[in-house]
Amino acid sequence: EHTEARMLQTLGKRFDADQIARCFSVCQEEGIAYHAFLLLGGPGEDRHSIQRAVEFLSRFEPALVNVSVGIRLYPGCALTRVAMEEGQLSPDADLLTPRFYLAPGVRDWIWEYIDGIVAADPRWGY
């Protein structure tokens, strides 16, 4: 299974990497400026999937790449249940105060990795 497909499915997206690539390609061919939004750190995310996402975006020329590390948790959402099952969130947590899910496999290195990418390309940012 392709890493991109797995991560998009995990995030509940109803589109795939091929559709994203076609959209970006059409925008580029037609001279339309576009932005990309990269959501990292979801369940199952690891170094390989993050590197693949960055490599995927490097094939295109978005005017801006907005990187979000971690996914906001909301009451009653499936991801909130995952965070509780993994011990990242207590059942009585006040979710009015923003809390974010971050996959255990990326916590120790993701910020340094993304900081390096953001520093190297002015189109990339948080």
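Structure: see above.
Attention in this report is confined to the structure presented alongside it. (Residues numbered from 1 in each chain as written. Predicted model: local features only at pLDDT ≥ 70, side-chain atom pairs only at ≥ 80, totals over all residues. Heavy atoms only, no water.)

## Things to note about the sheet that holds strand β2 (residues 64-69)
So, step 1. As summarised here, the arrangement of the 3 strands in space is β1-β2-β5, forming an open sheet in which the pairing is parallel. Each having just a single partner strand, β1 (35-40) and β5 (124-125) make up the two edges of the open sheet.
So, step 2. When β2 meets β5, the two strands line up parallel, connected through 2 bridges. Following the sheet pairing, Asn 66 is matched in β5 by Gly 125.
So, step 3. Packed on one face of the sheet, helix α5 (residues 110-120) meets β1, β2 and β5 and runs near 170 degrees to β2. (Pairing = 2+ DSSP bridges. Helix = DSSP H or I, 4+ residues; strand = E, 2+ residues; numbered from the N terminus. Contact = heavy atoms within 4.5 Å. Axes fitted to C-alpha atoms, helices over the stretch in contact; angles between N-to-C directions.)

## Focus: α5
So, step 1. Along α5, the positions that sit buried rather than exposed are Ile 110, Ile 114 and Ile 117. Buried residues of α5, seen end-on, are gathered within an arc of 55 degrees and therefore sit on one face of the element. Residues Glu 112, Ala 119 and Ala 120 are exposed on α5 and point more than 90 degrees away from its buried face.
So, step 2. Contacts made by the buried residues of α5 are with β1, α3 (47-58), β2 and β5. (Buried < 20%, exposed > 50% of the residue type's maximum accessible area, 1.4 Å probe, protein only. Arc of directions from axis to C-beta.)

## What to know about the side chain of Glu 45
So, step 1. Within the secondary structure layout, Glu 45 lies in the loop between β1 and α3.
So, step 2. On the basis of relative accessible area, Glu 45 is assigned to the buried category, the value being 6%.
So, step 3. At 3.2 Å, the side chain of Glu 45 forms a polar contact with the backbone nitrogen of Gly 41.
So, step 4. A distance of 2.4 Å separates a polar atom in the side chain of Glu 45 from a polar atom in the side chain of Ser 49.
So, step 5. In this view, Glu 45 contacts Met 7, Leu 39, Leu 40, Ile 50, Ala 103, Gly 105 and Val 106; residues no more than four positions away in its chain are not counted. (Polar contact = N/O pair within 3.5 Å; in protein donor to acceptor, adjacent residues only side chain to side chain.)

## Digging into the packing of aromatic side chains
For any pair of aromatic rings, geometry is given as the distance between the ring centres together with the angle between the planes.
So, step 1. All chains considered together, the criterion is met by 5 aromatic pairs.
So, step 2. Plain terms: the ring middles of Phe 24 and Tyr 34 are 4.7 Å apart, the flat faces sit at 25 degrees to each other, and that makes the pair stacked. Within this pair, whereas Phe 24 is found in helix α2 (residues 17-30), its partner Tyr 34 is found in the loop between α2 and β1, the two being separated by 10 residues in sequence. Judged on exposure class, the residue Phe 24 and its partner Tyr 34 are both buried.
So, step 3. Look at Trp 111 and Tyr 126: their rings are 5.8 Å apart centre to centre, the planes differ by 40 degrees, and that puts the pair in the tilted class. Taken as a pair, Trp 111 in helix α5 and Tyr 126 in the segment after β5 lie far apart in primary sequence, 15 residues in all.
So, step 4. Since its relative accessible area comes to 41%, Trp 111 is described here as partly exposed.
So, step 5. Sitting over the ring of Trp 109, Arg 47 keeps its end group 3.9 Å from the ring centre. (Phe/Tyr/Trp six-rings, centres within 6.5 Å; stacked < 30°, edge-to-face > 60°. Lys NZ or Arg CZ within 6 Å of the ring centre and 35° of its normal.)

## Re the nonpolar core
So, step 1. By size, the foremost hydrophobic cluster in this structure holds 35 residues, and its most contacted members are Leu 38, Leu 40, Leu 57, Ile 110 and Trp 124.
So, step 2. Of all the elements in the fold, those that place two or more residues in this core are α2, β1, α3, β2, α4 (78-85) and α5.
So, step 3. Excluding anything up to four places from it in sequence, Leu 38 contacts Ala 53, Val 54, Leu 57, Val 65, Asn 66, Val 67, Ser 68 and Trp 124. (Core = buried A, V, L, I, M, F, W, Y, C linked by side-chain atoms within 4.5 Å.)

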